Amino acid sequence: MPKQAFHRPKLAAFRKNAALSNKKPCDGCWAASICAGGCYHEAGIRQGSLLSPNLHYCQWIKSWIETGLNAYARLSVQVPDFLDNLSMLRGHEPLPESIYKKVSIIC
């Protein structure tokens, strides 16, 4: 049984090369920090390199992020306790009252 599952220097080099800052097509994209260029495995298959961004699904992922943010905003305004209650059902502590701020959101 190996003592170490990963070759640490190779893993460190991969992480450095795979950094979002190296994915030039993602520069300026509002969703880049959420999507991070997509899945490495899929990039390897579709783009030919694990380090390439998954350009084929940019619009798809952006629309899903917008849908999620829109749903979050609507729930926060229309049913403010829903997300906190859902979180507690999953074993998390309730958020402190100080985190809630009245925000005007157009939904």
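All values reported here derive from a predicted model rather than from experimental measurement.

Draft legend 1. Local environment of the packing of aromatic side chains. Within this structure, the stated rule accounts for three aromatic pairs. Summarising the aromatic geometry, the rings of Phe-14 and Tyr-40 are spaced 5.0 Å apart at their centres and angled 80° between planes, so their arrangement reads as edge-to-face. Placement of the pair is Phe-14 in helix α1 (residues 8–17) and Tyr-40 in helix α3 (residues 40–46), with a sequence separation of 26 residues. Given a relative accessible area of 37%, Tyr-40 falls into the partly exposed group. Ring centres 6.5 Å apart and planes at 65° place the aromatic pair Trp-60 and Trp-64 in the edge-to-face group.

Draft legend 2. Spatial organisation of the packing of helix α4 (residues 58–78) against helix α5 (residues 80–89). Axis separation between α4 and α5 bottoms out at 4 Å; the angle between their running directions is 110°. Classed by the angle they form, the pair α4 and α5 counts as roughly perpendicular. For the pair α4 and α5, contact is made by Tyr-72, Leu-75, Ser-76, Val-77 and Gln-78 and by Pro-80, Phe-82 and Leu-83, respectively. Counted by class, the contact of α4 with α5 contains six nonpolar, two polar and no charged residues.

Draft legend 3. Examining the confidence of the model for the protein more closely. Summarising the model, the protein shows a mean pLDDT of 84, and 85% of its residues fall at 70 or more. At the level of individual helices and strands, the protein shows its lowest average pLDDT in α5, which scores 82, and its highest in α1, which scores 92.

Conventions we followed
- Residues numbered from 1 in each chain as written.
- Predicted model: local features only at pLDDT ≥ 70, side-chain atom pairs only at ≥ 80, totals over all residues.
- Heavy atoms only, no water.
- Phe/Tyr/Trp six-rings, centres within 6.5 Å; stacked < 30°, edge-to-face > 60°.
- Helix = DSSP H or I, 4+ residues; strand = E, 2+ residues; numbered from the N terminus.
- Buried < 20%, exposed > 50% of the residue type's maximum accessible area, 1.4 Å probe, protein only.
- Axes fitted to C-alpha atoms, helices over the stretch in contact; angles between N-to-C directions.
- Parallel < 35°, antiparallel > 145°, perpendicular 65-115°, else oblique.
- Contact = heavy atoms within 4.5 Å.
- Nonpolar A, V, L, I, M, F, W, Y, C, P; charged D, E, K, R; others polar.
- pLDDT = per-residue confidence, 0-100.

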